[in-house]
Amino acid sequence: MGANLTQKIIKEHMVSGSMEAGKPISIRIAQTLTQDATGTMAYLQFEALGIPMVKTELSVSYVDHNMLQTDFMNADDHQFLQTLASKFGIYFSRPGNGICHQVHLERFGVPGKTLLGSDSHTPTSGGIGMIAIGAGGLDVALAMGGEPFNLNMPKVVNVKLAGRLQPFVSAKDIILELLRKLTVKGGVGKIFEYTGEGIKTLSVPERATITNMGAELGATTSLFPSDEVTKAYLKAQGRENIWKALGPDPDASYDEVIEINLNELEPLIAKPHMPDQVVKVRDVAGTPVQQVAIGSCTNSSYKDIMTVAAMLKGKSVHPSVSLGFSPGSRQVLNMIAQAGAMTDLIASGARLLESACGPCIGMGFAPPTGAVTIRTFNRNFEGRSGTKDAKVYLASPEVAAACAITGKITDPRDLGLKPITIAMPEKFLIDDSMIIAPSKEPEKVEILRGPNIKPLPTKNAMPDVLTGKVLIKVGDNITTDHIMPAGAKVLPLRSNVPAISEYVFERVDNTFPKRAKEWGGGVIIGGTNYGQGSSREHAALAPMYLGVKAVITKNFARIHLANLVNFGILPLTFVNEGDYDLFEQGDEIELNVKGLDGKTLMLRNKTKGKEVPVTTPLSPRDIEVVRAGGSLAHVKSRAK
Ligand code: MIC
Ligand code: SF4
């Protein structure tokens with residue numbers, strides 16, 4: 001049997017382990033990326049490692065999330081990131097240069113290499129054949145310090161695409177179709193590798209839309225081969241020299257196969273409040289729409305914005321709709337301006353938003369109370385838009401433009417428009433002046449630290465017996481947006497853990513922080529897929545600061561599980577899922593964790609006078625890390 005592309009790339013970067021699904025492996029990381037919302041903390045952690053210079057082939061620090069500067073906080077963080085990058089050998093992409101994933105694809109990604117990013121949508125670069133994985137900031141800090149990245153070898157799923165997308169059906173519909181089939185849990189522990197005749201019809205940005213939103217399946221990553229399409233894209237980016245042909249062997253084997261015929265797909269839409277609530281656009285057509293937002297790392301490429309502009313040309317945005325668009329990068333912004341598409345958009349009444357994450361993370365352009373907002377983004381979790389009761393739908397740029405024109409949910413095929421074809425440019429506009437190379441005299445660089453940047457909290461080693469109360473009990477599919485909300489108000493506090501911890505579980509139960517402090521910490525009880533979504537380590541770090549010692553669930557999402565380990569919180573799972581019902585908020589629990597390694601332990605509910613078996617999904621190495629009080633403590637203790 002031949003090898004698939006995932007196996008080939010992993011093999012080349014393997015440090016230890018064997019490529020058996022579910023078994024721990026360590027891989028060498030060639031490139032890292034960070035963004036400002038996770039980066040400030042990641043670099044504080046990097047500094048704590050005491051390493052003078054990054055050890056990766058390339059590390060880039062982007063500013064794209066915390067872009068509203070309503071006071072000094074975000075602006076100070078930007079300066080901190082810029083000076084720190086300069087000192088430690090890191091490229092710095094200035095605010096205004098674009099969304100990290102879009103810019104990385106355009107300017108830095110290299111087929112066949114590994115990329116670790118402190119953002120869950122890092123798999124975007126899988127669009128050019130990288131193994132690109134999202135992780136917590138601390139894992140990225142460790143990778144910058146030359147440590148390998150540890151994970152369990154995922155299963156490899158082959159998604160075979162046949163046929164060709166029909167007019168007004170888009171790459172977004174391919175990934176929405178997968179979400180419809182597999183749900184937000186369907187990709188946990190898996191890598192999705194795309195093959196088949198259909199991939200030849202998809203440009204790199206279209207492929208990147210698919211790999212980007214593979215994150216919503218819970219997948220470790222997704223990737224396409226590096227072929228002639230990749231070559232043409234890299235050539236147009238002036239980077240043909242780094243291209244090489246990469247793909248699976250003809251007789252490659254896979255753990256699972258899914259087939260999709262592109263001819264049969266039609267425009268789809270994810271209803272509130274989960275990316276897997278996917279239906280046909282025609283099933284919800286006619287629903288009145290108040291806002292449309294085009295952009296985010298999923299759908300903000302040159303092709304995406306040009307398509308929207310072509311659909312809106314000569315028309316007006318419906319009077320009841322506010323339409324905003326944020327080009328994914330300065331390159332896209334410059335190019336749509338040159339092509340005249342920006343003029344068409346502005347003439348139609350669209351609002352130009354900054355080239356950044358913006359409304360995707362609730363950084364401005366929040367919808368009105370109870371509004372329906374159609375977004376080309378990847379997440380529609382409750383409250384993420386900044387408006388708790390807004391109803392966020394996720395769809396393609398084509399569907400979004402159609403809704404903006406009619407003021408209601410509309411299948412673009414029903415507008416009677418001529419099919420739109422946007423050719424990929426033979427040459428993109430290349431201007432890297434917003435990317436700053438690291439200093440040649442790092443010893444002379446002074447790191448600027450604003451007053452909002454507070455020192456890192458630390459944790460002591462884990463005691464043998466864990467005791468405490470159940471601080472909260474939550475249901476299935478709890479996202480990191482539930483645990484640690486983002487948005488314009490909370491995001492500036494990412495470098496100030498004491499302050500941000502006041503918002504833990506804010507949208508679920510805003511009395512949580514007070515209770516956690518009064519009760520001297522305790523444990524969290526959760527359902528399935530606990531911690532899905534973003535890579536934000538603050539969803540572990542802030543609970544750790546509030547004294548959370550263990551999280552006991554039916555099962556966990558990958559990145560959050562790793563973040564809990566990194567901050568010394570013990571993740572446990574019920575052996576019998578039904579035992580979840582035996583716990584309530586306020587129950588006193590006790591667990592002797594001495595014999596943790598791979599064994600079943602008895603968790604005592606002292607209040608109910610019951611004992612139930614629990615276990616931990618952790619590897620022996622991870623258990624060692626939790627025992628030490630988290631990754632930093634562990635690395636430091638090893639260095640002694
Ligand atoms: C997101 O989409 O939720 C974010 C903001 O990009 C996060 C990172 C963060 O929480 O800072 C992600 O996806 O990892
Ligand atoms: Fe930014 Fe949204 Fe992409 Fe996260 S998902 S990186 S917030 S655009």
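Residues numbered from 1 in each chain as written. Chains lettered and ligands numbered in written order. Predicted model: local features only at pLDDT ≥ 70, side-chain atom pairs only at ≥ 80, totals over all residues. Heavy atoms only, no water.

**Q** Residue-level account of the site of ligand 1, with values.
**A** Near ligand 1, the surroundings consist of 14 residues, among which Asp-119, Ser-120, Arg-494, Ser-535 and Arg-536 are the closest. In this structure, an oxygen atom belonging to ligand 1 sits 2.6 Å away from a side-chain N or O atom of Arg-536. Contact with the protein chains hides 97% of the accessible area of ligand 1, taken as 330 Å² for the molecule alone. Of all the cavities here, the one that holds ligand 1 is the largest cavity. Across the shell around ligand 1, the residue classes tally to two nonpolar, seven polar and five charged. (Near = heavy atom within 4 Å. Polar contact = N/O pair within 3.5 Å; in protein donor to acceptor, adjacent residues only side chain to side chain. Areas by Shrake-Rupley, 256 points an atom, 1.4 Å probe, with all protein chains shown as cover. 1 Å grid on protein atoms, 1.4 Å probe; cavity = no way out; pocket = protein on both sides within 12 Å on 5 of 7 lines; lining within 4 Å. Sits in = over half its atoms within 2 Å of the grid points. Nonpolar A, V, L, I, M, F, W, Y, C, P; charged D, E, K, R; others polar.)

**Q** Give a description of the site of ligand 2 that names residues and reports values.
**A** For ligand 2, the full set of nearby residues is His-65, His-101, Asp-119, His-121, Ser-296, Cys-297, Cys-357, Cys-360, Ile-361, Asn-378 and Arg-384. Under a 2 Å grid-point criterion requiring more than half of the atoms, the pocket assigned to ligand 2 is the largest cavity. Each residue belonging to the shell around ligand 2 can be placed in one class, and the counts come to four nonpolar, five polar and two charged.

**Q** If you had to explain helix α20 (residues 620-628) to someone new, which residues and values would you point to?
**A** If you check which residues of α20 are buried, you get Asp-622, Ile-623, Val-625 and Val-626. Around the axis of α20, the buried residues are gathered within 160° of arc, so they sit on the same side. Phi for Gly-629, located one or two positions after α20, is positive at around 105°. (Buried < 20%, exposed > 50% of the residue type's maximum accessible area, 1.4 Å probe, protein only. Helix = DSSP H or I, 4+ residues; strand = E, 2+ residues; numbered from the N terminus. Arc of directions from axis to C-beta.)

**Q** Before we move on, can you summarise the side chain of Ser-61 with the specific residues and values?
**A** Position of Ser-61 among the secondary structure elements: in strand β4 (residues 58-62). Residue Ser-61 is classed as buried on the basis of its relative accessible area of 1%. With sequence-adjacent residues up to four places away left out, Ser-61 is seen in contact with Thr-34, Tyr-43, Leu-81, Ala-85, Ile-90, Tyr-91, Phe-92 and Ser-93. (Contact = heavy atoms within 4.5 Å.)

**Q** Provide a residue-level description of the packing of helix α10 (residues 302-312) against helix α12 (residues 341-348), including the pertinent values.
**A** Packing of α10 against α12 leaves a shortest axis separation of 9 Å and a crossing angle of 50°. Regarding the angle of α10 to α12, the classification is oblique. Between α10 and α12 the crossing geometry is left-handed. Along its contact with α10, which presents Ile-305, Met-306, Val-308, Ala-309 and Leu-312, the element α12 presents Ala-341, Asp-344, Leu-345 and Ser-348. Split into classes, the residues belonging to the contact of α10 with α12 amount to seven nonpolar, one polar and one charged. (Axes fitted to C-alpha atoms, helices over the stretch in contact; angles between N-to-C directions. Parallel < 35°, antiparallel > 145°, perpendicular 65-115°, else oblique. Left-handed = near helix turned anticlockwise from the far one by under 90°.)

**Q** Residues and numbers for the pairing of strand β26 (residues 601-605), please.
**A** The two faces of β26 differ: Leu-601, Leu-603 and Asn-605 on one face are buried, but Met-602 and Arg-604 on the other face are not. In this structure, β26 lies alongside strand β27 (residues 610-615), joined through five bridges in antiparallel fashion. Within β27, the residue paired with Leu-601 across the bridge is Val-614. (Pairing = 2+ DSSP bridges.)

**Q** Can you tell me about the sheet that holds strand β21 (residues 465-473), naming the residues and giving the values?
**A** Spatially, seven strands are ordered β21-β22-β23-β24-β27-β26-β25 in a closed barrel, and the strand pairing comes out mixed. The average angle at which neighbouring strand axes cross in this sheet is 40°, direction not considered. Two elements, β21 and strand β25 (residues 588-592), share five bridges in a ladder whose sense is antiparallel. Bridging from a neighbouring strand, Thr-467 pairs with Glu-590 of β25.

**Q** Account for the nonpolar core, naming residues and giving values.
**A** Counting 100 residues, the largest nonpolar core has Phe-505, Phe-512, Tyr-530, Leu-570 and Val-614 as the members making the most contacts within it. With sequence-adjacent residues up to four places away left out, Val-614 is seen in contact with Ile-552, Leu-572, Thr-573, Phe-574, Val-575, Leu-591, Lys-599, Thr-600, Leu-601 and Leu-603. In this structure, Cys-100, Tyr-233, Leu-234 and Val-289 belong to the second largest nonpolar core, which totals 59 residues. (Core = buried A, V, L, I, M, F, W, Y, C linked by side-chain atoms within 4.5 Å.)

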